Amino acid sequence: MEAVRPLLLGPDASALNRLYLAWIFATHGHDAVWIERYLDLPGEVVHVLVDAAHQRP
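Residues numbered from 1 in each chain as written. Predicted model: local features only at pLDDT ≥ 70, side-chain atom pairs only at ≥ 80, totals over all residues. Heavy atoms only, no water.

Caption draft 1: Molecular detail of helix α3 (residues 32-39). Among the residues of α3, Ala32, Ile35 and Leu39 are the ones counted as buried. Projection of α3 onto a plane perpendicular to its axis shows the buried side chains occupying an angular sector of 65 degrees, all on one side. Exposed positions of α3 whose direction lies more than 90 degrees from the buried face are Arg37 and Tyr38. If you follow the buried residues of α3, they end up packed against α2 (16-27) and α4 (43-55). One side-chain oxygen of the residue at the start of α3 lies 3.3 Å from the amide nitrogen of Val33, identifying that residue as Asp31. Trailing α3 by a residue or two, Asp40 shows a phi angle of about 55 degrees, which is positive. (Buried < 20%, exposed > 50% of the residue type's maximum accessible area, 1.4 Å probe, protein only. Helix = DSSP H or I, 4+ residues; strand = E, 2+ residues; numbered from the N terminus. Arc of directions from axis to C-beta. Contact = heavy atoms within 4.5 Å. Polar contact = N/O pair within 3.5 Å; in protein donor to acceptor, adjacent residues only side chain to side chain.)

Caption draft 2: Looking closely at the packing of aromatic side chains. In this structure the tally under the stated criterion is 3 aromatic pairs. Taken together, a centroid distance of 5.6 Å and an interplanar angle of 80 degrees make the contact between Phe25 and Tyr38 edge-to-face. Taken as a pair, Phe25 in helix α2 and Tyr38 in helix α3 lie far apart in primary sequence, 13 residues in all. In this structure Phe25 comes out as buried when scored by relative accessible area, which is 15%. Aromatic pair Trp34 and Tyr38: ring centres 4.8 Å apart, planes at 10 degrees, arrangement stacked. In this pair, Trp34 and Tyr38 both sit in helix α3, 4 residues apart, roughly one turn of the helix. On the basis of relative accessible area, Tyr38 is assigned to the exposed category, the value being 53%. Grouping aromatic residues by their ring pairs yields a cluster made of Phe25, Trp34 and Tyr38. (Phe/Tyr/Trp six-rings, centres within 6.5 Å; stacked < 30°, edge-to-face > 60°.)

Caption draft 3: Expanded view of the nonpolar core. Among the nonpolar cores identified, the biggest contains 14 residues, and Ala22, Ile35, Leu39, Leu41, Val46 and Val50 are the most heavily contacted of them. Among the secondary structure elements, those contributing two or more residues to this core are α2, α3 and α4. The residues contacting Val50, other than those within four sequence positions of it, are Ala26, His30, Asp31, Ala32 and Ile35. (Core = buried A, V, L, I, M, F, W, Y, C linked by side-chain atoms within 4.5 Å.)

Following this line, the structure appears as structure tokens:
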């Protein structure tokens, strides 16, 4: 959450519902490039989510 928080508060922040969907896709094994294209999210945001998803138990 700490890694994602700064990305949520900026002037160009993505919609929360798309970020939640990106998290779900990341936890179900989709890669960052696919999520970025499918949801039209910034790569920086997606990579943080995917990295966090891979680190969870």
